Amino acid sequence: MRHLIDPLDFSLEETDRLLALATDIIREPGRFAHLCDGRILATLFYEPSTRTRLSFESAMMRLGGKVLGFAGADMSSAAKGESVADTARMVSGYADIIAMRHFKEGAPYVASRYAGVPVINAGDGGHQHPTQTLTDLLTILRCRGKIGGTTIGLCGDLKFGRTVHSLIKALARYEDMRFVFISPDELKVPGYIVKEVVRPSGHPYESTRAMEDVMPQLDILYMTRVQRERFFNEEDYVRLKDSYVLTADKLRTAKPDLAILHPLPRVNEISPEVDDDPRAKYFEQARNGVFVRMALILALLGLAPEVLQERGA
Ligand code: NCD
């Protein structure tokens, strides 16, 4: 049985095959409409979510399956003190696959050790968010026709933003990448990611505070929200929250084929006037999340055997 807890749980080849399956689903959704008839997805969300939970539910329903779950720790027995391990064991009797979001780093991993069904990490604290990464990869692929050979600027809260951490891990495996980290000093990419992922990859990278200086180089601009809920005090959040606001004016020097991505929700880091720019791809990105999650559910349930390699244990 396979789970998806960390982006590197799937090999590069498996990831590429999953993206190919998602592309097939986009082309011919009808072929996939009943593959999950009679199957159940449980969405166990201990933290707020709109896109991730709804796109998981939409994905399962578009495959013919059904969904159950909760959307808030206070709505579940966690409020009574139940452990993640017990919840995972029990829900395995109610559903065929579990998507879990948790405020504690590592909680979905713990669930995967106890569950009798595949577990998907739908975001764990400030750590990882592998299904957002699959969404991001599919969007880059569809915008550029390839993933490698790309200069990506990641901008905003690179410290607490789990989508950034997972995306860097996944992209570092592609060829000929270049990373530009754009953030205030206080919100830089964690040292362990630079040391364990970016440097060993051998890809060139730079860090800057000035978005305008690097704009002309970028093929992808990945904007992120300052993660208020991960700050230790409100004062720091207030000081840093408006560090970057992307406006039409700042895009004047950008490439004509730049793609602007954002995992959403945005607060004010992308001005609404940018939405009309054809380079704004974030709503398309959110839509891609459904197709990639359809492909993921099929792969983990063994219904798309071409995607994942057999592994021991
Ligand atoms: C992201 C998350 O939850 O980490 N949202 C999402 O899943 N699309 C990004 C964020 O909350 O800022």
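About the thresholds
- Per-chain numbering applies: the sequence of each chain, read as written, is numbered from 1 onward.
- Owing to the predicted nature of the model, reporting of local features is limited to residues with pLDDT of at least 70; listing and counting of side-chain atom pairs is limited to 80 or more, with chain, interface and lining totals taken over all residues.
- No hydrogens and no water enter the side-chain calculation; it runs on all heavy atoms of the structure.
- Paired rings are identified among Phe, Tyr and Trp, the last through its six-membered ring, by centres lying within 6.5 Å, and are further divided according to the angle between planes into stacked (under 30 degrees), edge-to-face (over 60) and tilted (the rest).
- Here a helix means four or more residues in a row that DSSP labels H or I, a strand means two or more in a row labelled E, and each is numbered from the N terminus.
- Per-residue accessibility, obtained with a 1.4 Å probe over protein chains only, is compared with the maximum for each type, and a residue is labelled buried under 20%, exposed over 50%, and partly exposed between these values.
- In this scheme, Lys NZ or Arg CZ marks a charge over a ring once it lies within 6 Å of the ring centre and within 35 degrees of the ring normal.
- Here, a strand pair is defined by DSSP locating no fewer than two bridges between the strands.
- Here, the term right-handed applies to a crossover whose path from the first strand over the helix to the second runs clockwise when the strands point away from the viewer.
- Here, axes are lines fitted to C-alpha atoms. For helices the fit covers the stretch in contact, and angles between N-to-C directions go from 0 to 180 degrees.
- Points on a 1 Å grid over protein atoms alone make up a cavity when a 1.4 Å probe fits among them but cannot get out, and a pocket when they form an open set with protein on both sides within 12 Å along at least five of seven lines; lining residues each have an atom within 4 Å of a point.
- Grid points are joined across faces, edges and corners, and a volume is the space filled by probe spheres set on the points.
- Side-chain classes follow a simple rule in which Ala, Val, Leu, Ile, Met, Phe, Trp, Tyr, Cys and Pro form the nonpolar group, Asp, Glu, Lys and Arg form the charged group, and the remainder, Gly included, forms the polar group.
- An automatic or database domain assignment supplies the residue ranges for each domain.
- Summed over both partners, the accessible area lost on bringing two parts together, with a 1.4 Å probe, is the buried area.
- Every case where a carboxyl oxygen of Asp or Glu lies within 4 Å of a side-chain nitrogen of Lys or Arg is listed as a salt bridge.
- Two N or O atoms count as a polar contact when they lie within 3.5 Å, although within protein this holds only if one can serve as hydrogen donor and the other as acceptor, and sequence-adjacent residues are included solely when both atoms are side-chain atoms.

### Examining the packing of aromatic side chains
Applying the stated criterion across every chain, the model contains six aromatic pairs. Measuring from centroid to centroid gives 5.3 Å for F160 and F231, while their planes differ by 55°, and the two rings are tilted. Note that F160 is positioned in the loop between β5 (151-155) and α6 (162-171) and F231 in the loop between β8 (220-223) and α9 (234-240), a separation of 71 residues in sequence. On the basis of relative accessible area, F231 is assigned to the buried category, the value being 14%. Geometrically, the ring pair formed by F231 and Y237 is edge-to-face, given 5.8 Å between the ring centres and 75° between the ring planes. In textbook terms, an aromatic cluster arises when at least three aromatic residues are bridged by ring pairs, as seen for F160, F231 and Y237. R293 extends its terminal NZ or CZ atom over the ring of F56, reaching a point 5.0 Å from the ring centre.

### Things to note about the pairing of strand β7 (residues 205-208)
Direction of pairing for strand β6 (residues 178-182) relative to β7: parallel, over a ladder of four bridges. Residue V180 lies in a different strand from β7, and its bridge partner there is E206. As for the winding sense of the linkage, the β-α-β connection from β6 through helix α7 (residues 191-201) to β7 is right-handed.

### A closer look at the sheet that holds β5
What holds strands together in a sheet is hydrogen bonding between their backbones, with the strands either parallel or antiparallel. Spatially, β7-β6-β5-β8-β9 is the arrangement adopted by the five strands of the open sheet, whose pairing is parallel. The two strands at the open ends of the sheet, each matched to only one other strand, are β7 and β9 (259-261). Taken pair by pair, the neighbouring strands of this sheet meet at an average axis angle of 15°, ignoring direction. One ladder, built from three bridges, connects β8 with β9; its direction is parallel. Note on β9: the bridge partner recorded for L221 is I260.

### Description of the layout of surface pockets
There is about 420 Å³ of room inside the largest pocket. When contributions to the lining of the largest pocket are tallied by element, the ones reaching two or more residues are α2 (51-62) and α6. When its residues are assigned to classes, the lining of the largest pocket shows four nonpolar, ten polar and seven charged. When we break the lining of the largest pocket down by domain, the ones giving at least three residues each are domain 1 (12-128 + 287-300) and domain 2 (130-285).

### Quick look at the domain arrangement of the chain
Per the domain assignment, the segments making up the chain are domain 1 (12-128 + 287-300) and domain 2 (130-285). Distance from the C-alpha centre of domain 1 to the C-alpha centre of domain 2: 25 Å. Summing both partners gives a buried area of about 2,200 Å² for domain 1 against domain 2, and 53% of it is carried by carbon and sulfur. Our count for the contact surface shared by domain 1 and domain 2 stands at two salt bridges. One can count 17 residue pairs in polar contact (both at pLDDT 80 or more) joining domain 1 with domain 2. At the level of secondary structure, the elements contributing two or more residues to the side of domain 1 that touches domain 2 comprise α1 (12-27), α2, β3 (97-102), β4 (119-124) and α10 (282-300). The residue inventory of the side of domain 1 that touches domain 2, partitioned by class, reads nine nonpolar, twelve polar and seven charged.

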